[in-house]
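# Coordinate inspection notes
Single-letter residue listing:
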Amino acid sequence: MRIGVIGGAGWLGSAIAGALLDTGVVEPRNLSFSYRSKRPDRFPDAFWTSDNQTLADRSDVIILSVRPADWPDLTVDAGGKLVISVMAGIRLASLCEQHKTTRVVRALPNAAAEVCKSYTPWTASAGVSEADRAVVQAIFDACGVQDEVRTEREIDYLTGLSGSGPAFPALLAQAMMADAIAHGLDRPVAQRAVNTLIVGAGRLLEQRDDCPAETVQTFLDYRGTTAAAIQEMATAGFGTAVVRGLAAAFQKSVRMGDTS
Ligand SMILES: NC(=O)c1ccc[n+]([C@@H]2O[C@H](COP(=O)([O-])OP(=O)(O)OC[C@H]3O[C@@H](n4cnc5c(N)ncnc54)[C@H](OP(=O)(O)O)[C@@H]3O)[C@@H](O)[C@H]2O)c1
């Protein structure tokens with residue numbers, strides 16, 4: 001399978017390509033990248049070009065990983081090939097029309113693709129076959145965990161929830177670190193404490209695979225310091241803040257599709 005990544009010099013395109021090479025989904029000689037301003041030093045054994053049509057012509061699967069604002073100028077003819085967009089907002093119908101193919105997938109990985117821990121929901125246009133689906137699954141299994149979802153609306157919602165998701169534990173960590181420093185802790189100790197607890201919590205979730213509500217209830221049942229903190233955070237509007245933040249991301253994702 002020959003895979004081409006348009007915008008492969010960027011953050012997400014490089015992360016996906018790195019995961020595909022690490023897991024052996026594709027060999028370097030069958031991987032193509034396009035760049036706009038500067039060819040990076042990464043992936044020296046792959047094919048690099050600044051001509052996106054050349055990339056499309058030498059690939060069986062074309063991954064679109066440019067920013068949504070750059071996509072209207074990307075008039076690449078995919079010639080009926082499988083196109084996988086990881087761009088927020090851009091709709092399946094627009095992608096099919098612009099790239100002259102009926103085989104289009106909209107996927108939404110996240111920044112954790114860099115460490116092969118992305119959650120990637122995706123949805124497909126009518127022309128996508130079972131063989132195409134197997135390819136999409138292989139690509140995003142390499143990046144972490146994937147699910148095919150039913151509608152583009154679910155993708156628009158998940159763009160905020162899981163696409164933006166790695167930012168939210170970071171926001172919590174930032175607030176906790178600021179509080180620790182306000183209580184007199186040295187910055188390196190506060191940073192180590194907070195980063196380690198976020199990683200540890202993630203590993204516990206991964207290993208136990210419990211429903212989050214059960215995890216919270218287990219801590220509440222202890223009736224100790226943790227329960228005191230959880231109750232106060234809930235009373236102060238923790239749940240409301242999450243709902244409002246996700247609603248803002250959802251609305252923005254839908255708006256990005258409307259203007260494409
Ligand atoms: N990063 C994430 O966590 C994340 C999560 C979910 C979805 N996404 C989606 O992934 C896409 C890429 O995001 P990113 O964070 O990787 O952005 P990024 O780091 O800015 O990468 C985009 C790359 O595309 C290149 N580019 C733009 N137009 C091009 C063209 N015509 N031909 C070839 N290359 C071109 C840019 O080149 P220049 O260097 O010249 O600008 C840049 O290297 C976005 O659509 C975003 O919605 C990202």
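Source: prediction; values computed, not measured.

Conventions we followed
- Residues numbered from 1 in each chain as written.
- Predicted model: local features only at pLDDT ≥ 70, side-chain atom pairs only at ≥ 80, totals over all residues.
- Helix = DSSP H or I, 4+ residues; strand = E, 2+ residues; numbered from the N terminus.
- Contact = placed C-beta atoms within 7 Å.
- Near = placed C-beta within 6 Å.
- Nonpolar A, V, L, I, M, F, W, Y, C, P; charged D, E, K, R; others polar.
- Domains from an automatic or database assignment.
- Pairing = 2+ DSSP bridges.
- Axes fitted to C-alpha atoms, helices over the stretch in contact; angles between N-to-C directions.
- Core = buried A, V, L, I, M, F, W, Y, C linked by C-beta atoms within 7 Å.
- Buried ≥ 20, exposed ≤ 12 C-beta atoms within 10 Å, placed from the backbone.

So, on to the overall build of the protein. Scanning the protein from terminus to terminus reveals ten helices and eight strands. Viewed in the frame of its principal axes, the protein has a C-alpha envelope of about 60 × 35 × 30 Å. Long-range pairs, those at least 24 residues apart, make up 54% of the contacts in the protein with a sequence separation of at least 6.

Bringing the site of the ligand into the picture now. Around the ligand, a shell composed of 26 residues is seen, among which G7, G10, L12, R36 and M87 lie nearest. Class assignment of the residues belonging to the shell around the ligand gives a composition of 14 nonpolar, nine polar and three charged.

The next point concerns unusual backbone geometry. Despite not being glycine, K100 has its phi angle at roughly 55°, a positive value. Residues other than glycine seldom take positive phi values, yet D209 does so here, at roughly 55°. With respect to the element layout, D209 can be found in the loop between α7 (187-208) and α8 (212-221).

Next up on the list: the domain arrangement of the protein. Accessible area lost upon the coming together of the parts is a frequently used measure of interface size. Each domain of the protein was delimited in the assignment, giving domain 1 (3-150) and domain 2 (167-257). Using C-alpha coordinates to define each centre, domain 1 is positioned 32 Å away from domain 2.

Taking strand neighbours across the sheet as the criterion, the eight strands line up as β3-β2-β1-β4-β5-β6-β7-β8 in an open arrangement whose pairing is mixed. Every interior strand has two partners, whereas the edge strands, β3 (47-49) and β8 (144-148), have only one. For this sheet, the mean inter-axis angle between neighbouring strands, taken without regard to orientation, is 20°. When strand β4 (residues 61-64) meets strand β5 (residues 82-85), the two strands line up parallel, connected through four bridges. Of the residues in β5, the one forming a bridge with I63 is I84. In the packing of helix α3 (residues 92-99) onto the sheet, contacts are made with β5 and β6 (104-107), and the angle to β6 comes to roughly 135°.

For the rest of this paragraph, the subject is the nonpolar core. Core analysis: the biggest nonpolar cluster contains 49 residues, and I16, I63 and I84 have the highest contact counts within it. The element best represented in this core is helix α1 (residues 11-22), accounting for six residues. The residues contacting I84, other than those within four sequence positions of it, are V61, I63, V105, A107, V136 and I139.

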